[in-house]
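Residue strings, one per chain:
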Amino acid sequence: MTLRPILIHPDPRLKTVAEPVPEITDEIRRLADDMLETMYDAPGIGLAAPQIGRLSRLLVMDAAKEEETAQPMVLINPQVTWASDMRSVYEEGCLSIPEQFADVERPAEVEVRWLGLDGKTHSQRFDGLWATCVQHEIDHLDGKLFIDYLKPMKRQMITRRMVKLKRERARG
Ligand SMILES: [Zn+2]
């Protein structure tokens, strides 16, 4: 397994709608393994393929609580098939927007259908942190970031910080 560098906002690849994965190949399995390793290493609870520069509809996540055993999930071509009217607010962050957090309101529960690495179609209802996480990651596949839900002033402030961060990192 290989750690993959995570793109930092702003980057045009983070604003691009990703392409469906046509079939499960060994390369896709390796990509999923690398993404899980990269996510745990970061550490984070979710990672979408565009965040490592791969414009494919694939995401990994594990929103298990610290005291729970790991529950790594790989979702290929995921689709929200139902969302609750009830909404909830979580303070979100993103591995592509390091150390910036903001409250985002989303449906409290969603049902998602996806293709698994086993080649089978799965469907599951998510709530709590899992619901927020899966919606945040699916947004990445549509070129959308959590800061897109914020007021323009706040979004611009965070973007300026990221531009500065990238400049500092580039200098080394
Ligand atoms: Zn994110």
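Quick notes on the rules
Residues numbered from 1 in each chain as written. Predicted model: local features only at pLDDT ≥ 70, side-chain atom pairs only at ≥ 80, totals over all residues. Heavy atoms only, no water. Helix = DSSP H or I, 4+ residues; strand = E, 2+ residues; numbered from the N terminus. Rg over C-alpha atoms; globule rule 2.2 N^0.38 Å. Buried < 20%, exposed > 50% of the residue type's maximum accessible area, 1.4 Å probe, protein only. Contact = heavy atoms within 4.5 Å. Areas by Shrake-Rupley, 256 points an atom, 1.4 Å probe, with all protein chains shown as cover. Donors = N, O, S within 2.8 Å, 3.2 Å for Na, K, Ca; no water. UniProt positions renumbered as here; feature names shortened; annotations may be inferred. Core = buried A, V, L, I, M, F, W, Y, C linked by side-chain atoms within 4.5 Å.

Side note on the overall build of the protein
Regarding its fold elements, the protein presents three helices and seven strands. Taken over the C-alpha trace, the protein has a radius of gyration of 16 Å; the compact-globule value for 172 residues is 16 Å, and the two agree within 12%. Principal-axis analysis of the C-alpha atoms places the extent of the protein at approximately 45 × 40 × 35 Å. Considering the protein as a whole, with its 172 residues, one finds that 44% of them fall into the buried category. Counting only contacts in the protein whose residues sit at least 6 apart along the sequence, the fraction spanning at least 24 positions is 65%. For the protein, the computed accessible surface area is about 9,500 Å², with 50% contributed by carbon and sulfur atoms.

Here we look at the coordination of the zinc ion
Tetrahedral coordination by four donors sets the ideal angle at the metal to 109.5 degrees; octahedral coordination by six donors sets it to 90 or 180 degrees. Around the zinc ion, the protein supplies Cys94 (SG), His136 (NE2) and His140 (NE2) as donor atoms, at distances of 2.1 to 2.3 Å. Look at where the donors of the zinc ion fall in the sequence and you get C-x41-H-x3-H. Within this pair, whereas Cys94 is found in strand β4 (residues 87–94), its partner His136 is found in helix α2 (residues 128–141), the two being separated by 42 residues in sequence. Each of the two residues, Cys94 as well as His136, counts as buried.

Considering the UniProt feature "active site" (unreviewed entry) in the protein
Residues given the UniProt feature "active site" (unreviewed entry) here are Glu137. Among the structural elements, Glu137 can be located in helix α2. Setting aside residues no more than four positions away along its own chain, Glu137 makes contact with Gly46, Leu47, Ala48, Gln51 and Leu59.

Observations regarding the nonpolar core
Ranked by size, the top nonpolar core spans 17 residues in total, and within it Met61, Leu75, Val112, Phe126 and Val134 carry the most contacts. Elements with a contribution of two residues or more to this core: β2 (58–61), β3 (73–83), β6 (110–115) and α2. Sorting elements by how many residues they give to this core places α2 first, with six residues. Not counting residues up to four positions away in its chain, the partners in contact with Val134 are Met61, Leu75, Val110, Val112 and Phe126. Formed by 16 residues, the second largest nonpolar core is a distinct cluster that contains Met35, Ile52, Leu58 and Ile76.

A few points about unusual backbone geometry
With an omega of 0 degrees, the peptide bond running from His9 to Pro10 counts as cis. Locating Pro10 in the fold gives a position in the segment before α1 (26–41). Residues Ala42 and Pro43 are joined by a peptide bond in cis, for which omega reads -5 degrees. Its identity is not glycine, yet Asn77 carries a phi of approximately 50 degrees, on the positive side. In this structure, Asn77 sits in strand β3.

Notes on the UniProt feature "binding site: Fe cation" (unreviewed entry) in the protein
Under the local residue numbering, the UniProt record ascribes the feature "binding site: Fe cation" (unreviewed entry) to Cys94, His136 and His140. These annotated residues cover 47 residues of sequence, but their C-alpha atoms sit close together, with the largest distance between any two at 10.2 Å. Looking at His136, the relative accessible area reads 6%, which means it is buried. Residue contacts for His136: discarding those within four places in its chain leaves Glu92, Gly93, Cys94, Arg106 and Phe146.

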